[in-house]
Each structure stands twice: as C-alpha cells, then as structure tokens.
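Structural features, examined
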Amino acid sequence: MFGLSVALTTPFSQGGAIDSDLMVSHSKRVLENGADSITLFGTTGEGASLAQTEKRKTLKTIINADILPRQIIAAVMTSSLQDVVLQCIEYHELGVNRILLAPPFFFKNLNFEGVLNWYSAVFRALKPHKIQFILYHIPQLTMVPIEPKLISALQEEFGSEMVFGVKDSTGNLEGTLEFLKNKDLMVAVGDERTLADAMCHGASGAICGMSNIFTNELAEIINTKAHNPMVNKMTDLIVQAPVTAGVKALLAIKSNEKNWLNVRSPLEVSPQAHQLLLKNAL
C-alpha cells in the first residue's frame, strides 16, 4: 500500500517568494491528518515555475523542520537529461529517494524508442543511487504519454525496485486498469473522482491536489474504497477553471489564509466568480 501523498501546493508571499513558514506548517498539517507523504514541486506545486535553487532551499527547510525525508517525494519535470540527473542527485543527497519523474515534454510526436532511450539514460546514470522512480502520466499537459509497454521495458532492464510506480493523472479509469495489469507496479491515481474505483481494482493509493484541502477524506477513500460524493462534487467544480489556482483558492477559503491565493506567473489568481462558486459549495 502506497497510501495518500499530498501533491503539495506551494504558497507564495505577496512579493512572489516561497512562503517557507506556511509551507512547513501546511506540510505538517496534512501529515498529521491522514497523509502518508507529501509530493513537492509537481503540477499543483507549480514546480515548473520554480528555480532549482528555490526547490533545494525549500526542501532543506522542510527537512530541518523535522519532516522525515522518507515522507517526501520530489517531482522532477524537465526535458534535459543532464538536469534530471543533477536534480535527482541533489534530492538524494538530502535523503529523498523517491522521485516523481515527468517525461521529456518539449518536443512533440516522440516515438516509443525516443522516450524509452531518454528514460533508460536517466536510470542508467542514477542506478548507483538506489532511487525509486514514479513515472508521471499526465499527457494532457506533457503531450507525452507513459505507456504500459514502456514501463515493462524499463522494469525488464532496471527492475521494479527502481521503476517503482506510475502516477496516472488522466482521470481515465480504463487506462488505470491497463497499468494495474502489471503486478510489479505501484499505481497511484491523480484524479480524485476515479480513486475509489481504482482502489477496488488494486490501485495502491493517490498523489492528488485535493488532498491539500480534504486530507482525511481522501485517506478514507483509500482505506474504504468507497466514493465520497462531497469530494467528487468539489473536484467537478475545481476543474471548471484552471486547476492549480482553483486548489489554492479553495485552500485559502478553508484556511482563511490569503497567501494561498497567490500563484506564480504565467498562472493567474483564480477568478472571483470561481472563488465564489467554491466558497458557496464549501
């Protein structure tokens, strides 16, 4: 069982810097309320908009605040093979040994061999470090799908200890079921609305954004394998506008902490109409 990993959103001050104090307190809150781990610098965390120096500093701050490295997954999202290796080594040196790794996303219409060769080169370079990788399947953003046959080929060469899992963020249960045919693969769901059904078919848990707000409820879905109508309804409302800003708006409403509204360019603050919709629903 992988359990619940909160795809942690990144708070910013009014000046645009990462609000480290709020990030630490939020990390502790979700871990105390049912989360098994936190995933930093992913889509919900605006990782593509953060400098690597910021990520390293923030990660060190979180660890120094007595959050264990084994409770942390770091997302790596860059098309540069060399940058992937350097970032993973930086995280490994801080004790973080689980990486959520997106595919190379800049060039489109990649063939299977190109993606396979890229991942193989990454894993070959990092094999001595004993890092566990979760492949990030979010083709609606990367335009590069993670295919089950890609995972099988990588596991054949590098083993299921290194090619540990996949995060399926498509919201397509049929696709999740294809991943679940691989019994040596940890399958985590990214869309809260398919989580209960996926758990019933053998999924291992979730890495999801709504757990920033509904940590207990998402942990309960994983444990009971039962739908939560409230979570499904709120997720339906969140996806009616840009999702990352919507998650932050909902968190700001629930926590009464306005800094959660802040996003980093090129994203924009959730529209007032959407904030009102979320507030009334909450």
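Numbers given for residues are sequential positions, taken from 1 along each chain in its written order. For a predicted model such as this one, the threshold for reporting local features is a pLDDT of at least 70, and the threshold for listing and counting side-chain atom pairs is 80 or more; totals across whole chains, interfaces and linings nevertheless cover every residue. Only hydrogens and water are removed before side-chain values are computed, so all heavy atoms of the structure are retained for them.

1. Structural notes on the overall build of the protein chain
Heads up, the rule is: Helix and strand assignments follow DSSP, with helices taken as H or I runs no shorter than four residues and strands as E runs no shorter than two, numbered in order from the N terminus. Put simply, the radius of gyration uses C-alpha atoms, and a globule should come to 2.2 Å times the residue count raised to 0.38. The rule is simple: take the accessible area with a 1.4 Å probe, protein chains only, and divide by the maximum for that residue type; under 20% is buried, over 50% is exposed, in between is partly exposed.
If you tally the helices and strands in the protein chain, you get 12 helices and eight strands. Its C-alpha radius of gyration of 18 Å places the protein chain within 12% of the 19 Å reference for a compact globule of 282 residues. For the protein chain, the spread of C-alpha atoms along the principal axes amounts to about 50 × 40 × 35 Å. The 282 residues of the protein chain split such that 54% are buried.

2. Regarding the packing of aromatic side chains
Counted only if it meets this: What counts as a ring pair is set by centres within 6.5 Å for rings of Phe, Tyr and Trp (its six-membered ring), and what kind of pair is set by the plane angle: stacked under 30 degrees, edge-to-face over 60, tilted for all other angles. Charge-over-ring placement is defined geometrically: NZ (Lys) or CZ (Arg) within 6 Å of the ring centre, and within 35 degrees of the ring normal.
Under the counting rule described, the total for this entry stands at six aromatic pairs. Judged by centre distance (5.2 Å) and plane angle (90 degrees), the rings of Phe106 and Phe107 are edge-to-face. Overall, the relative accessible area of 58% leaves Phe106 in the exposed class. Taking relative accessible area as the criterion, Phe107 reaches 60% and is therefore assigned exposed. Relative to Tyr119, the ring of Trp118 lies with its centre 5.1 Å away and its plane at 90 degrees, an arrangement referred to as edge-to-face. On the accessibility criterion, Tyr119 (0% relative accessible area) is buried. Through a chain of ring-to-ring contacts, the aromatic side chains of Trp118, Tyr119, Phe123, Phe133 and Phe158 assemble into a single cluster. The aromatic ring of Phe112 is capped on one face by Lys149, whose charged end is 4.6 Å from the ring centroid.

3. Here's the deal with helix H7 (residues 173-180)
Going by this rule: Working definition: the arc comes from the directions between the helix axis and the C-beta atoms, pointing outward to the latter. By definition, residues are in contact when any of their heavy atoms lie within 4.5 Å.
Looking at H7, one finds that the buried residues are Thr176, Phe179 and Leu180. Buried positions in H7, seen along its axis, are confined to an arc of 100 degrees and lie on one side of it. Buried-residue contacts for H7 involve strand E5 (132-137), helix H6 (148-158), strand E6 (163-168), strand E7 (186-189) and helix H8 (195-200).

4. Digging into the pattern of salt bridges
This is how the line gets drawn: Any Lys or Arg side-chain nitrogen located within 4 Å of an Asp or Glu carboxyl oxygen qualifies as a salt bridge.
Under the defined criterion, the tally for this structure stands at six salt bridges. Glu46 is the salt-bridge partner of Lys248, the closest N and O atoms lying 2.7 Å from each other. Of this pair, Lys248 sits in helix H11 (residues 243-255) while Glu46 sits in the loop between strand E2 (37-40) and helix H2 (52-64), and the two are 202 residues apart along the sequence. For the pair Lys248 and Glu46, a shared accessibility class is recorded, and that class is buried. In this structure, the salt-bridge partner of Glu157 is Arg124, at a minimum N-O distance of 3.2 Å. With a gap of 33 residues between them, Glu157 in helix H6 and Arg124 in helix H4 (residues 112-126) connect regions that are remote in the sequence. In the salt-bridge network here, residues are joined through shared partners; they are Asp191, Arg193 and Asp236.

5. Side note on the environment of Phe133
Within the element layout of this structure, Phe133 appears in strand E5. For Phe133 and Asn172, which are 39 residues apart along the polypeptide, the C-alpha to C-alpha distance reads 22 Å. What Phe133 contacts, discounting residues up to four positions off in sequence, is Cys88, Ile99, Leu101, Phe123, Leu126, Met162, Val163, Phe164 and Gly165.

6. Things to note about a nonpolar patch on the surface
Quick reminder of the rule: Patch membership requires more than 30% relative accessible area and the absence of a salt bridge. Residues of like charge join within 9 Å; the nonpolar side chains Val, Leu, Ile, Met, Phe, Trp and Tyr join within 5 Å. In this description, accessible areas are obtained by the Shrake-Rupley approach with a 1.4 Å probe, and a residue is regarded as covered only by the protein chains that are shown.
A cluster of nonpolar side chains, contributed by Phe106, Phe107 and Leu110, occupies part of the molecular surface with about 360 Å² of accessible area. Among the structural elements, Phe107 can be located in the loop between strand E4 (98-101) and H4.

7. So, the packing of helix H3 (residues 81-93) against H4
Counted only if it meets this: Angles run from 0 to 180 degrees between N-to-C directions of axes, and those axes are lines fitted to C-alpha atoms, restricted for helices to the stretch in contact. Helix crossings get a hand from a simple test, with the near helix turned counterclockwise from the far one by less than a right angle marking a left-handed crossing and a clockwise turn marking a right-handed one. Ten residues, namely Ala, Val, Leu, Ile, Met, Phe, Trp, Tyr, Cys and Pro, are considered nonpolar, four, namely Asp, Glu, Lys and Arg, are considered charged, and the remaining ones, Gly among them, are considered polar.
Contact pair H3 / H4: the axes reach a minimum separation of 10 Å and the direction vectors enclose 35 degrees. Crossing geometry of H3 relative to H4 is assigned as right-handed. Residues Leu81, Val84, Val85, Cys88 and Ile89 of H3 form the contact with H4, whose participating residues are Trp118, Ala121, Val122, Ala125 and Leu126. Its residues placed into classes, the contact of H3 with H4 shows 10 nonpolar, no polar and no charged.

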